[in-house]
Amino acid sequence: MTAPQTTLTLPAPAKLNRMLHITGRRADGYHELQTLFQFLDHGDTLHFSLRDDGKIHLTPALPEVATEANLIVRAARMLQTDRGCRLGADIRLDKRLPMGGGLGGGSSNAATTLLALNHLWQLGLSQAQLAELGLSLGADVPVFVHGHAAWAEGIGERLTPVELDTPWFVVLHPGIAVATASVFNAPQLTRDTPHISMARALQGGAPAWRNDCQATVCERYPEVAKALDWLSGLAPTMLTGTGACLFARLTDERQADSILQRVGSDWHAFKAKGCNLSPLHAALGCHVTPAKGQAEHH
Ligand SMILES: C[C@@](CO)(OP(=O)(O)O)[C@H](O)COP(=O)(O)OP(=O)(O)OC[C@H]1O[C@@H](n2ccc(N)nc2=O)[C@H](O)[C@@H]1O
Ligand SMILES: Nc1ncnc2c1ncn2[C@@H]1O[C@H](COP(=O)(O)OP(=O)(O)O)[C@@H](O)[C@H]1O
């Protein structure tokens, strides 16, 4: 018999919204979206180590985020409460993703924590149960829990797995943070894009895709507009989520390297490849099951 595992190191990858339409606003103020999520082979890393005293100890602290508000700690506590679990964990975070960048780093950290602790604490929750718990932490958590590129509807929780092209990207951070709520509260935001079917969204492919938040973010944040202008001159470029990051779709890795050499010192950029299987699930050796609700929606 093998001893139960007590440590685990796992990735928390970034996501891109390869397209994003806003189709309406719900009574509670949240916006209805249609979006294509894809993962990148670049992100944060989390190290977990089992404790038997119930404490959740996260290091290092993130600037501007109180430890109790950190989505990693909130995800761990949520699991403890939901399952009445008396175990704890030491968690170390190697943060690489910019915060408030539209790369979903916080949601990805939360999803990795849910999967890791479900495993270390031997709780036996299904991916669907973890995704449901995670949704209350952030709209993007379920796609990170399920771990496959997806067509998403609702506020991002109704997921259908898809296979997208997997190009190299350059992701450019214009050096400022965009507050998601400020974009969704903007009066001029496009909120009435007609619903389309998933098949239609996939049909046009990348050249046809757009992000309904992009115009509003560029109006409110001139630094994003400036970065978009610059990068668009080199390759087809789009905003991810509500920004601030932009991503350029490239023909190969060499083009990514040549763009990276030209990025000025005010901006931070990295190259990454799109992945349809999340690096988290690849690391866990997970067989990814279709997201719950797939049959009802398509
Ligand atoms: C729009 C996306 C696309 O991926 O943008 P990014 O955050 O990744 O840039 C996400 O769904 C964002 O998800 P997330 O960042 O978890 O948003 P939350 O923390 O739940 O919401 C922040 C605030 O944005 C507004 N909000 C968010 C999501 C949504 N579908 N409609 C909204 O109106 C709400 O005012 C909410 O209070
Ligand atoms: N572990 C975490 N990593 C990143 N951000 C976190 C974390 N915990 C809480 N947050 C908060 O969530 C906000 C959104 O973070 P993030 O998911 O990285 O950006 P976005 O939603 O724009 O993709 C941050 O600005 C920060 O205040």
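Residues numbered from 1 in each chain as written. Chains lettered and ligands numbered in written order. Predicted model: local features only at pLDDT ≥ 70, side-chain atom pairs only at ≥ 80, totals over all residues.

Note the cut-off: UniProt positions are given in the numbering used here, feature names are shortened, and annotations may be inferred rather than shown by experiment.
Looking up the protein in an unreviewed UniProt entry gives the name 4-diphosphocytidyl-2-C-methyl-D-erythritol kinase, with the organism given as Litchfieldella anticariensis. In its Sequence similarities (unreviewed entry) section, UniProt records this for the protein: "Belongs to the GHMP kinase family. IspE subfamily." UniProt lists a comment for the protein under the heading Pathway (unreviewed entry), and it reads "Isoprenoid biosynthesis; isopentenyl diphosphate biosynthesis via DXP pathway; isopentenyl diphosphate from 1-deoxy-D-xylulose 5-phosphate: step 3/6."

1. Some thoughts on the domain arrangement of the protein
The condition that has to hold: Residue ranges for the domains originate in an automatic or database domain assignment. Contact between residues is assigned whenever the C-beta positions, reconstructed from backbone atoms, fall within 7 Å. Only runs of H or I of at least four residues qualify as helices and only runs of E of at least two qualify as strands under DSSP, and these elements are numbered from the N terminus.
Along its sequence, the protein is organised into domain 1 (7–163) and domain 2 (168–275). Inter-centroid distance (C-alpha atoms) of domain 1 to domain 2 is 22 Å. At the junction of the two partners, domain 1 supplies 28 residues and domain 2 supplies 35 residues. Ranked by the residues each element gives to the side of domain 1 that touches domain 2, the list is headed by strand β1 (residues 7–25), at 10 residues.

2. Describing the site of ligand 1
Cut-off, in case you're wondering: All residues are tested the same way: a C-beta atom is placed from the backbone, and lying within 6 Å of a molecule or strand makes the residue near it. Ten residues, namely Ala, Val, Leu, Ile, Met, Phe, Trp, Tyr, Cys and Pro, are considered nonpolar, four, namely Asp, Glu, Lys and Arg, are considered charged, and the remaining ones, Gly among them, are considered polar.
The environment of ligand 1 is made up of 18 residues, and the closest members are H31, G102, G138, F184 and G241. Secondary-structure elements contributing two or more residues to the shell around ligand 1 are β2 (31–51) and α5 (180–184). Per-element tally for the shell around ligand 1: the top contributor is α5, with three residues. Of the residues that constitute the shell around ligand 1, the class distribution is six nonpolar, 11 polar and one charged.

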